[in-house]
Amino acid sequence: HDWATLARPGQVHAIYMGMGAASSIERGLLDAGIDPATPVTIVERATLPDENIVQTRIDALARTATSGNVRGPAIILIGARALLARPAALPQLEAA
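Asker: Mind showing me how you'd approach the pattern of salt bridges here?
Answerer: Side chains that carry opposite charge are capable of pairing whenever their charged atoms lie near each other. Taken as a whole, this structure holds three salt bridges when the rule is applied. The partner of Asp 50 in a salt bridge is Arg 45, and the shortest N-O contact between them spans 2.8 Å. Looking at Asp 50, the relative accessible area reads 44%, which means it is partly exposed. For Arg 45, a relative accessible area of 31% translates into the label partly exposed. The partner of Arg 57 in a salt bridge is Asp 59, and the shortest N-O contact between them spans 2.7 Å.

Here it is in structure tokens:
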């Protein structure tokens, strides 16, 4: 992985099915210089009735992944724009 490129400020990343690699992702990005306070949002079982959204920071990604609060399948969103609104707060689109 090109961690240095991925760690550049202003980047936003979506990692699919990455919970098993959370420790490697955290370490790679931190070693490449990403701000430890970079926000991370983990979306487990997206769009399903039991969807679970967990917010953390990149320096706590591995700890969050092993806490038991997220089992998967999950999408890991990394970056300032990873702070998501709750689905109920999102505008609904009407069919044309």
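Asker: Help me out: how do you make sense of the confidence of the model for the protein chain in this one?
Answerer: Should the pLDDT be low somewhere, the predicted coordinates at that spot are not to be read in detail. When pLDDT is averaged along the protein chain, the result is 84, and 82% of the positions lie at 70 or above. Of all the helices and strands in the protein chain, strand 3 (residues 52-57) carries the lowest mean pLDDT, 90, while helix 2 (residues 22-31) carries the highest, 96. This model gives residues 89-93 a pLDDT under 50, and the stretch forms two contacts once residues within four places in sequence are excluded.

Asker: Looking at this structure, how should I read the sheet that holds strand 3?
Answerer: What holds strands together in a sheet is hydrogen bonding between their backbones, with the strands either parallel or antiparallel. In space, the four strands of this open sheet follow the order 1-4-2-3, with antiparallel pairing throughout. Both outer strands of the open sheet, strand 1 (13-16) and strand 3, are each paired with one neighbouring strand and no more. Taken pair by pair, the neighbouring strands of this sheet meet at an average axis angle of 20 degrees, ignoring direction. Relative to strand 4 (residues 74-78), strand 2 (residues 39-44) runs antiparallel, the two sharing five bridges. Note that in strand 4 the partner of Val 43 across the bridge is Ile 75.

Scoring rules and cut-offs
Residues numbered from 1 in each chain as written. Predicted model: local features only at pLDDT ≥ 70, side-chain atom pairs only at ≥ 80, totals over all residues. Heavy atoms only, no water. Salt bridge = Lys/Arg side-chain N within 4 Å of Asp/Glu carboxyl O. Buried < 20%, exposed > 50% of the residue type's maximum accessible area, 1.4 Å probe, protein only. pLDDT = per-residue confidence, 0-100. Helix = DSSP H or I, 4+ residues; strand = E, 2+ residues; numbered from the N terminus. Contact = heavy atoms within 4.5 Å. Pairing = 2+ DSSP bridges. Axes fitted to C-alpha atoms, helices over the stretch in contact; angles between N-to-C directions.

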